[in-house]
Amino acid sequence: GLRPRPDYPQRFPMNLLVVGSGGREHALAWRLLQSDRVRKVYVAPGNAGTALEPGLENVPLTDIGELITFVREHDVAFTLVGPEAPLAAGIVDRFREAGLAIFGPTQAAAQLESSKDFAKAFMKRHGIPTADYESFTDAEAAHAYVAKKGAPIVIKADGLAAGKGVVVAQTKEEALEALDQIMGGVFGAAGSRVVIEEFLVGEEVSLLAFCDGKTALPLPSAQDHKAVFDGDTGPNTGGMGAYSPAPIVPDAELEKMADIAIRPILAEMARQGHPFTGILYAGLMMTKDGPKVLEYNVRFGDPECEPLLMRLESDLLEIMDACIDGRLDEVKLSIRPESALGVVIAAEGYPGSYPKGMEIKGIDAVDALPDTKVFQAGTKREGSRTLSSGGRVLCVTALGKGLAEAQKRAYEAVAKIDMEKSQHRSDIGAKGLRRL
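Procedures and definitions
- Residues numbered from 1 in each chain as written.
- Predicted model: local features only at pLDDT ≥ 70, side-chain atom pairs only at ≥ 80, totals over all residues.
- Heavy atoms only, no water.
- Axes fitted to C-alpha atoms, helices over the stretch in contact; angles between N-to-C directions.
- Helix = DSSP H or I, 4+ residues; strand = E, 2+ residues; numbered from the N terminus.
- Parallel < 35°, antiparallel > 145°, perpendicular 65-115°, else oblique.
- Left-handed = near helix turned anticlockwise from the far one by under 90°.
- Contact = heavy atoms within 4.5 Å.
- Nonpolar A, V, L, I, M, F, W, Y, C, P; charged D, E, K, R; others polar.
- Pairing = 2+ DSSP bridges.
- Buried < 20%, exposed > 50% of the residue type's maximum accessible area, 1.4 Å probe, protein only.
- Salt bridge = Lys/Arg side-chain N within 4 Å of Asp/Glu carboxyl O.

**Q** In this structure, what is going on with the packing of helix α8 (residues 139-149) against helix α9 (residues 172-183)? I would like to understand it.
**A** Think of two packed helices as two axes; the pair is described by the angle between the axes and how far apart they sit. Two numbers describe how α8 lies on α9: the axes approach to 10 Å, and their chain directions differ by 165°. Here α8 is positioned roughly antiparallel relative to α9, judged by the angle of their axes. The chirality of how α8 crosses α9 is right-handed. Residues A139, A142, H143, V146 and A147 of α8 form the contact with α9, whose participating residues are K172, A175, L176, L179, D180 and M183. Per-class residue counts for the contact of α8 with α9 are eight nonpolar, one polar and two charged.

**Q** Please clarify how the sheet that holds strand β5 (residues 102-103) should be interpreted in this entry.
**A** Within a beta sheet, neighbouring strands are joined by backbone hydrogen bonds and run either parallel or antiparallel to one another. Reading across the sheet, the five strands line up as β3-β2-β1-β4-β5 and stay open at both edges, with parallel pairing between neighbours. Strands at the two margins of the open sheet, each flanked by one partner only, are β3 (56-58) and β5. Bridge count between strand β1 (residues 14-20) and strand β4 (residues 76-81): five bridges; the pairing is parallel. Its bridge partner being in β4, N15 is matched across the sheet by V76. The strands that helix α13 (residues 316-325) touches are β1, β2 (38-45), β4 and β5; relative to β4, the one it contacts most, it runs at about 90°.

**Q** Explain the pairing of strand β16 (residues 277-287) here, please?
**A** The side chains of a regular strand alternate, first on one face of the sheet and then on the other. Extensive coverage of β16 is indicated by the burial of eleven of its eleven residues. Sheet analysis places strand β10 (residues 203-212) next to β16, joined by ten bridges and oriented antiparallel. Residue pairing for β16: L208 is matched across the bridge by Y281. Pairing geometry for β16 and strand β17 (residues 290-297), over seven bridges, is antiparallel. If you follow Y281 over to β17, its bridge partner there is N297.

**Q** Honestly, the pattern of salt bridges in this entry has me stumped. Any pointers?
**A** When the charged atoms of two side chains with opposite charge come close together, those side chains can pair. Under the counting rule described, the total for this entry stands at 30 salt bridges. Notably, a salt bridge pairs K40 with E57, separated by 2.4 Å at the nearest N-O pair. On the criterion of sequence distance, the pair formed by K40 in strand β2 and E57 in strand β3 is long-range, its members being 17 residues apart. K40 gets classed as partly exposed once you look at its relative accessible area, which sits at 23%. Note on E57: relative accessible area 35%, which makes it partly exposed. In this structure, D427 and R425 form a salt bridge, with 2.9 Å as the shortest nitrogen-oxygen distance. The class for D427 is buried, based on a relative accessible area of 16%. Classification of R425 as buried rests on a relative accessible area of 2%. Beyond isolated ion pairs, a larger network of salt bridges with shared partners links D232, R425, D427 and K431.

Written as structure tokens, this is what we have:
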């Protein structure tokens, strides 16, 4: 189990801190609280879901220096970082310099996500299968490249754009318009460089692995649904729903996929003196020529995190502690055999502009159902009411004996949620069911 270390308070149960405010952070805090070694989980800044969950407490902080002070003052044994922005800003480096235990990659290792160009060049150098690409800072050269290559073609902002910086252009005109938008500043500095990639045909799957710098322990496969509307149509979002396992990558194939997409990265990052600890996420396209890596994330995907954590039976704290301690090779993951499926309820208009402040009813009714949980994202408390405060508002997640049952239960739960001006996809899991 958990060996006390010099930087751990020498007693249990312990206080933990989760950094972030989304559905992923609600799920992580909820899951950590199920460990008998945990007394309390602080969430910074959290949302209405983490505000109401017994044992969780929101802390209105985002500044890294203020978080370090908070951790010291509140006897926090361990910090877990949910989103990519603080990782890219070097929160792990700062905490480690302060002698504090934290789960996540360093700023140097986080470049796998914070720069698409860094990740693509890394893959190309080390023989990891990925789409052909070029990267540009000059708009004219980018235009000329698109004119030469034609469509369909994929245009990506180099930096972090909250999951929205990727355009799959079906026509040359669409591609040029995307270039003008991204390089014209819709994502700020993140779009000063663009990566232009060949369009890959196939089905997407998410492979996430716990990493301790040398060992990778893959979680079961999951499939995210990026496009906003049914049938994978409309603009890309941060993710409209996910399920696990994805039939396209059965459990028997997980180790093979980790050998292709995850372990070469770990070996090379370690060799370069930037060992990767935390969660490494490979977005894979299963093409007729085999799996190709679309992108890396350096944290749990959202919404994949929610169904994956519904299936995880192992003590999440123990796994994360082993990652920090460099003894992940001693850990075996215990996963529930059921399928899990999560449906995101978003505000109308998302990922464009959307209204806020709609009241949400029915969450308690859903949470009372067996093996069903509402993870809150863009929500806030106002008096006794829960109101929407973001684009993606809830992730309604359910377990079932197989994918069909998980899907049925998740959508029965979605029907109990009452929120004006909301939208959700009605086909989460359909690709997996077709494959089965």
